[in-house]
Amino acid sequence: MEAIRIRPATAGDIEALAANHRAMARETEGKELDADTTLRGTRAVLEDPGKGFYLIAEREGTMVGQLLVTFEWSDWRDGIFWWIQSVYVLPFARRGGVYRALHDHVIARAREAGGVCGVRLYVDRENHIAQTTYRSMGMTPAHYDMYEIDFVLGEPRGGR
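A quick note: this is a predicted structure, and the numbers were derived from the prediction, not measured.

Caption draft 1: Broad picture of the pairing of strand β5 (residues 116-121). In the sheet, strand β4 (residues 79-89) pairs with β5 via five bridges, with the strands oriented parallel. Looking at the pairing, W83 lines up with R120 of β5. For the handedness criterion, the β-α-β arrangement of β4, helix α3 (residues 98-113) and β5 is classed as right-handed.

The structure is reproduced here in structure tokens:
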């Protein structure tokens, strides 16, 4: 079996990335995401590197996984946290080292980038398989819980 190759996403990957976002939301949260919205959101990252960057994992020229890295400034550390998001490994490629290859690539790139003070991600409390994977790669649970107010873009001010 050919080794996994990691590469930056290009404009030619937008449709596949967006389709994988929708598949992930369906699998993990039972949500159906709007196709046009995911296409616009994916395109926005590729058009504005300040938003982040996607990495693609390929085996034998076929996409087998992806993730998005976004940025958060930390005034406490005078550095940037890289956030791993939108992780998706295609079902036929799972348990084959795809996420590990993506993860290792992100960590190496973050260390080389300078100014990166850490790498973070969030995971659903019930996704024990993912939690085990992340722990096996040296990540530890943070002592923060996440809170949010979810605005629906395009709604009048004041929301729902």
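Caption draft 2: Region of interest: the packing of aromatic side chains. This model, assessed by the stated rule, comprises five aromatic pairs. Ring geometry for F53 against F71: centres 6.2 Å apart, planes inclined by 45°, an arrangement best described as tilted. Linking F53 in strand β2 (residues 53-59) with F71 in strand β3 (residues 62-74), this pair joins segments that are 18 residues apart in sequence. Residue classification places F53 among the buried positions, given a relative accessible area of 14%. Measuring from centroid to centroid gives 5.3 Å for F53 and W82, while their planes differ by 80°, and the two rings are edge-to-face. With F53 in strand β2 and W82 in strand β4, the pair connects residues that are 29 residues apart, well separated along the chain. A single burial state applies to F53 and to W82, both of which are buried. Three or more aromatic residues joined by ring pairs make a cluster, and in this case those are F53, F71 and W82. Over the ring of F53 we find R109, and its NZ or CZ is 4.0 Å from the ring centre. The side chain of R120 reaches across the aromatic face of F81, ending 3.5 Å from its centre.

Caption draft 3: Up close: helix α1 (residues 14-29). Compared with an ideal rise of 1.5 Å per residue, which puts 16 residues at 22 Å, α1 spans 22 Å between its outermost C-alpha atoms and is within 8% of the ideal. Looking at α1, one finds that the buried residues are I14, L17, A18, N20, H21, R22, A23, M24 and A25. Lining the buried residues of α1 we find α2 (35-47), β2, β3 and β4. Positive phi shows up at G30, right after α1, with a value of about 65°.

Caption draft 4: Main features of the sheet that holds β3. Reading across the sheet, the five strands line up as β1-β2-β3-β4-β5 and stay open at both edges, with mixed pairing between neighbours. Whereas interior strands pair on both sides, the edge strands pair on one side only; in this sheet they are β1 (5-8) and β5. The sheet shows a mean angle of 30° between the axes of neighbouring strands, direction not considered. As paired elements, β1 and β2 share four bridges and run antiparallel to each other. Each residue of the ladder has a partner; that of I6, found in β2, is A57. Across the sheet, α1 is in contact with β2, β3 and β4; its angle to β4 comes to roughly 80°.

The rules behind the values
- Residues numbered from 1 in each chain as written.
- Predicted model: local features only at pLDDT ≥ 70, side-chain atom pairs only at ≥ 80, totals over all residues.
- Heavy atoms only, no water.
- Pairing = 2+ DSSP bridges.
- Helix = DSSP H or I, 4+ residues; strand = E, 2+ residues; numbered from the N terminus.
- Right-handed = clockwise from strand over helix to strand, strands pointing away.
- Phe/Tyr/Trp six-rings, centres within 6.5 Å; stacked < 30°, edge-to-face > 60°.
- Buried < 20%, exposed > 50% of the residue type's maximum accessible area, 1.4 Å probe, protein only.
- Lys NZ or Arg CZ within 6 Å of the ring centre and 35° of its normal.
- Expected span 1.5 Å × (residues − 1).
- Contact = heavy atoms within 4.5 Å.
- Axes fitted to C-alpha atoms, helices over the stretch in contact; angles between N-to-C directions.

Note that all results are geometric; they support no functional claim without further evidence.
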